[in-house]
Amino acid sequence: MAPTPSLLANRYEVGELLGRGGMAEVHRGVDTRLGRTVAVKVLRADLASDPAFQARFRREAQSAASLNHPSVVAVYDTGEDVTDSGDRVPFIVMEHVVGQTLREVLHARGGADDDDAHRRDGGPAPTAAGLDPTEAAEVTAGVLDALEYSHRAGIVHRDIKPANVMVTRSGVVKVMDFGIARALADAAATMTQTQAVVGTAQYLSPEQARGETVDARSDLYSTGCLLYELLTGRPPFVGDSAVSVAYQHVRETAPPPSTLAPALPEALDRVVMKALAKDREDRYPDAGAFRDDLRTAVAGGRVTAPVVGLAAAGGAASPATRVVPATGPDAFRARTSDPTRTVTIGRVEEQDEPRGRRAGGYVLLALAVVAVFVLAALGVSRLLTEPDSTAVQVQVPSIVDAAREQAKADVEGAGLVYSERTRQDDADEGTVVDQSPTGGTTVDERDTVTVTVSEGPGQVAVPELRGQNQDQAAQSLRDVRLRLGEVTTEDDPDVPDGGVISSDPGAGTDVAPGTAVDLVVSSGQVALPDLTGQDYRDARDEVLALGLDAVVEFEESETTQDEVIRQDPAAGTVSQGTVVTLVASQQVQPEPTATTPSTEPAPTDSAPTGSQPAPTGDGP
């Protein structure tokens, strides 16, 4: 229902319904003061009296309003409206984005649906594949750009999914719906709120499903699920219910994307499976690292993600096991992210064993599944995370900054398995720059320690900086591990004041990280030549070629017609956009001569003239 315009009408005209989500309706609107089209998001009237939904809605406004990034839907205004029944309904005025959600894009390609994906049995992929790998990577890179920015601002999204990502007609990615976002510093930012699951089952990280504290790497897991679906047309886990999907996120390993889309390169498998690691320490450390590895994979380069092992290739849930909905008194009902819906966990049935041998297994397996999700709903993860008391525990050595050989000896000397990967880094070649698990962590003996070793700084390409201002250029250089060098100014009619004209080394040049790049920036001035003596048409064209405006005036003069006799301003340095007045010659016309009429009679043909004798009638 459209909001009652008691408060909104003071500033906004609210029009057609654009969409209806889980807790809100979005209408097209017009800001009557600024004359721009906006989107007005209003909490559904039937949820207006629920304090939890009101708080979540307000938190969305606060979270998104604190972010100013091209890949985050901007929030312009927020407030409360009053319905006819007297309920106070919060609203958010946002940037109006013309485009499609990724969910709509996937529907158009024949992909999975958030509402029905969990009801499929996890068998073959849909007949229509996902996006082209390059297209999927660029869309995901846009999402990671937004997450990199929001994470730096201390905000974790917690609900990354196709329905919350829009692609504009020009291909710009926009992340929206920070409705369940939390500050990273909030220690209570877990999956559960008043025993309700927060998030969407297909894209929940394992720690969300277990009710643990959420951090930025939880968003990276959800983004990995998103990328998986963009590449294959379906989420990494599907099942009969939201709870069974959540269980798979905790306990099962998704099949690599190439098992569903065989044409995908092996490097993309590695990137996706690293993002989907159960242990967040094994995922990418931040959104930027994920994005860089993803683009490297699509470009055919060498990625930092480890090779997908046999466990990943064969770790999908066994088809012999399925969750059967229970209808009797043993059914356990757990709330999902929508408080108006419940999902039912029933008995787990092994299909291949004789009935007489399965009876006891039914009870034990059903109790195990129920126990896992009771603990998740209560935010307790002890059952899933406590180490095996029978295993020998050892402490992981701290090996960051150590040489490769020393690190390997320390890890193996502690009774652990050494696994190495490399990446380009500013550290000296062969130096350990990262490890997982971190030093001091207690793990089981023979656990694997993944060690990242520097390949050296390598080379980076100088980015294209022309037209950027000095601050933007400095940031672009920092983004590729270069630094700003000497800055000089130069007159240039084509580049605005303060814009970069050129760089040294030039754009596209490969240099070592840390190299200083000198810039030449526009002074905002133009050298105006002396145009006097030229034909005004040539002079005018010369002024326009300098990016200046020209006005031509004419003045009577004895000089050559149309010749410039004066200019304003005179020759010299002028500011861009200056209007140059050209005064051209218009020759003086001679005064007409006055004539006096004659009083003598006009001569006739018969009268002789001068002294010539008149002719006679005699012949010659």
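Not measured: the values here are computed from a predicted model. (Residues numbered from 1 in each chain as written. Predicted model: local features only at pLDDT ≥ 70, side-chain atom pairs only at ≥ 80, totals over all residues. Heavy atoms only, no water.)

S.K.: Help me understand the sheet that holds strand β31 (residues 579-587), please; the structure alone is not making it clear to me.
M.R.: In a beta sheet, neighbouring strands pair by backbone hydrogen bonds and run either parallel or antiparallel. Pairing is mixed across the open sheet formed by three strands, whose spatial order is β28-β31-β29. Unpaired on one side and paired on the other, β28 (549-557) and β29 (564-568) mark the two borders of the sheet. Strand-to-strand twist in this sheet, taken as the mean axis angle between neighbours without regard to direction, amounts to 25°. Where β28 meets β31, nine bridges bridge the pair, whose relative direction is parallel. When the bridges of β31 are listed, glutamate 553 appears paired with valine 583. (Pairing = 2+ DSSP bridges. Helix = DSSP H or I, 4+ residues; strand = E, 2+ residues; numbered from the N terminus. Axes fitted to C-alpha atoms, helices over the stretch in contact; angles between N-to-C directions.)

S.K.: Looking at this model, I keep getting lost on the side chain of arginine 234. Mind explaining?
M.R.: Its location among the elements puts arginine 234 in the loop between α5 (216-232) and α6 (242-251). Classification of arginine 234 as buried rests on a relative accessible area of 4%. At 3.0 Å, the side chain of arginine 234 forms a polar contact with the backbone oxygen of proline 236. (Buried < 20%, exposed > 50% of the residue type's maximum accessible area, 1.4 Å probe, protein only. Polar contact = N/O pair within 3.5 Å; in protein donor to acceptor, adjacent residues only side chain to side chain.)

S.K.: Please clarify how helix α14 (residues 536-545) should be interpreted in this entry.
M.R.: Every buried residue belonging to α14 is among Tyr536, Ala539 and Val543, and all of these are buried. Projection of α14 onto a plane perpendicular to its axis shows the buried side chains occupying an angular sector of 60°, all on one side. Its side-chain oxygen at 2.8 Å from the backbone nitrogen of arginine 537, aspartate 535 defines the N-terminal cap of α14. Residue glycine 547 follows α14 closely and has a positive phi angle near 80°. (Arc of directions from axis to C-beta.)

S.K.: Before we go on, may I ask you to explain the environment of threonine 32 in this structure?
M.R.: Summarising the element assignment, threonine 32 is placed in the loop between β2 (24-31) and β3 (36-43). In this structure the C-alpha to C-alpha distance between threonine 32 and arginine 11, which are 21 residues apart in sequence, comes to 5.6 Å.

S.K.: Quick question: what am I supposed to make of the packing of helix α2 (residues 102-109) against α5 here?
M.R.: Packed helix pairs are characterised by how far apart their axes lie and by the angle those axes make with each other. For the pair α2 and α5, the least separation of the axes is 10 Å and the interaxial angle reads 25°. It follows from the interaxial angle that α2 and α5 lie roughly parallel. Crossing of α2 over α5 shows left-handed handedness. Contacts from Leu102, Arg103 and Leu106 in α2 reach Leu226, Glu229 and Leu230 in α5. (Parallel < 35°, antiparallel > 145°, perpendicular 65-115°, else oblique. Left-handed = near helix turned anticlockwise from the far one by under 90°. Contact = heavy atoms within 4.5 Å.)

S.K.: What exactly am I supposed to notice about the sheet that holds strand β8 (residues 165-168) here?
M.R.: Strand order in the open sheet made by the three strands is β6-β8-β9, with antiparallel pairing throughout. Each edge of the open sheet carries a strand with a single partner, namely β6 (99-101) and β9 (173-175). Within the sheet, the average angular offset between the axes of one strand and its neighbour, ignoring direction, is 25°.

S.K.: Please explain the pattern of salt bridges as it appears in this structure.
M.R.: Oppositely charged side chains are able to pair whenever their charged atoms sit close together. Counting across every chain of the model gives 22 salt bridges. Here arginine 152 and glutamate 148 are joined by a salt bridge, their closest N and O atoms 4.0 Å apart. One end of the pair is arginine 152 and the other is glutamate 148, both in helix α3 (residues 133-152) and four residues apart, which spans about a single turn. Judged by relative accessible area, glutamate 148 falls into the partly exposed class, the value being 24%. Here arginine 291 makes a salt bridge to glutamate 148, at a shortest N to O gap of 2.7 Å. In this pair, arginine 291 sits in helix α8 (residues 287-298) while glutamate 148 sits in helix α3, placing the two residues 143 residues apart along the sequence. Taking the relative accessible area as the measure of exposure, arginine 291 reaches 12% and is therefore buried. (Salt bridge = Lys/Arg side-chain N within 4 Å of Asp/Glu carboxyl O.)

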